[in-house]
Amino acid sequence: MDLRIFTEPQQGATYDTLLTVAKATEDLGFEAFFRSDHYLHMGDVDGLPGPTDAWITLAGLARETKRIRLGTLMTAGTFRLPGVLAIQVAQVDQMSGGRVELGLGAGWFEAEHKAYGIPFPRERFARLEEQLAIVTGLWQTKAGDTFDFHGAYYDLTGSPALPKPAQEKIPVLIGGNGATRTPRLAARYADEFNMPFASVEDSERQFGRVRAAAEEAGRRDELTYSNVLVACVGKDDQEVARRAAAIGREVDELKTNGLAGSPAEVVDKIGRYAEIGSRRIYLQILDLADLGHLELISAQVQSQLS
């Protein structure tokens, strides 16, 4: 089981804060640093000093880290034209020496689109399917050849399909709990399928759908399965309660819906996800100032999983 750190900078974080967390992620032996792709805070926070852009952030981190994988859960398809996104991600992959992964979703948070004047089309899932075809198609086109795509929403003619990523294939992540179209899309385009904030039971059900779709597409056992879960770990009950209060959550709710409690409790719950085939856990870390939280997870949770 691999543990990755997942941050939500729209809730309030500077680039320097994210850099500090990313360096701690690397120093403490975690596999990857991922971030959300949002421009507006959610819930009862002010979001100060304001949003940071996901791919600008990752470009900076690409030059200031050496080992960890870097990626998004999930880049919003509404924010970027697919041809531009393919260029951006390939460039950051080059800047990192081949450590980038692309999580791509349809986009869902209508309020942030209204706040920043970003179109919020109704047919987002159909657009996402074309976006995946374009981004992966551009990367797969041989140097010297051109790429064409003529869809309902995007039209590319004679694209040189440059630049190329440093990796032979940038891993693509698709996630969600849709019962039909999501598994089909994952089976066609994904290297990893991710279930966000879901129970063991719901994850097992959706993993089964994706496995069936992948097998039908001739991709049996090719996908990695993963989960995102909020983390709130403490050496004792008092520390768990303090960390829960710091992110405005209740301990019992976190234990039900996330990974909360003592290191032993968290290891036990991660084991339940491992039993259904999950191979990566993205730990949603909401208090980015609490580096002691990462240190505890590294020393007493990650060490037992490795």
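Caption draft 1: Quick look at unusual backbone geometry. Of note, the bond from Leu 48 into Pro 49 is cis; its omega dihedral lies within 30 degrees of zero at 10 degrees. Its place among the elements puts Pro 49 in the loop between strand 2 (32-35) and helix 2 (54-64). At Ala 161, a residue that is not glycine, the phi angle is positive and equals roughly 55 degrees. With respect to the helices and strands, the residue Ala 161 is situated in the loop between strand 7 (155-159) and strand 8 (172-175). In this structure Ala 161 comes out as buried when scored by relative accessible area, which is 3%.

Caption draft 2: Structural detail: the packing of helix 10 (residues 263-275) against helix 11 (residues 291-305). The geometry of helix 10 relative to helix 11 is characterised by a closest axis approach of 10 Å and an angle of 40 degrees between their N-to-C directions. By the criterion of interaxial angle, the relationship of helix 10 to helix 11 is oblique. As helix 10 runs across helix 11, the sense of the crossing is right-handed. Facing Pro 263, Val 266, Val 267 and Ile 270 of helix 10, the residues of helix 11 in contact are Leu 296, Gln 300, Val 301, Gln 304 and Leu 305. Considering only residue class, the contact of helix 10 with helix 11 consists of seven nonpolar, two polar and no charged.

Caption draft 3: Structural view of the environment of Phe 207. Among the secondary structure elements, Phe 207 is positioned in helix 7 (residues 200-216). Residue classification places Phe 207 among the buried positions, given a relative accessible area of 0%. Separated by 19 residues in the primary sequence, Phe 207 and Ser 226 place their C-alpha atoms 9.2 Å from one another. Discounting chain neighbours no more than four positions away, the residues touching Phe 207 are Phe 193, Met 195, Tyr 225, Ser 226, Asn 227, Ile 276 and Ser 278.

Caption draft 4: View of the packing of aromatic side chains. Tallied over the entire structure, the rule returns six aromatic pairs. Between Tyr 39 and Phe 79, the ring centres sit 4.6 Å apart and the planes meet at 20 degrees, which makes this aromatic pair stacked. Here Phe 79 lies in the loop between strand 4 (75-76) and helix 3 (82-96) and Tyr 39 lies in the loop between strand 2 and helix 2, a separation of 40 residues in the sequence. Assigned by exposure class, Tyr 39 and Phe 79 land together as buried. Site record: aromatic cluster; members linked through ring pairs are Tyr 39, Phe 79 and Tyr 116. The side chain of Arg 211 reaches across the aromatic face of Tyr 225, ending 4.6 Å from its centre.

Reading the values: the criteria
Residues numbered from 1 in each chain as written. Predicted model: local features only at pLDDT ≥ 70, side-chain atom pairs only at ≥ 80, totals over all residues. Heavy atoms only, no water. Helix = DSSP H or I, 4+ residues; strand = E, 2+ residues; numbered from the N terminus. Buried < 20%, exposed > 50% of the residue type's maximum accessible area, 1.4 Å probe, protein only. Axes fitted to C-alpha atoms, helices over the stretch in contact; angles between N-to-C directions. Parallel < 35°, antiparallel > 145°, perpendicular 65-115°, else oblique. Left-handed = near helix turned anticlockwise from the far one by under 90°. Contact = heavy atoms within 4.5 Å. Nonpolar A, V, L, I, M, F, W, Y, C, P; charged D, E, K, R; others polar. Phe/Tyr/Trp six-rings, centres within 6.5 Å; stacked < 30°, edge-to-face > 60°. Lys NZ or Arg CZ within 6 Å of the ring centre and 35° of its normal.

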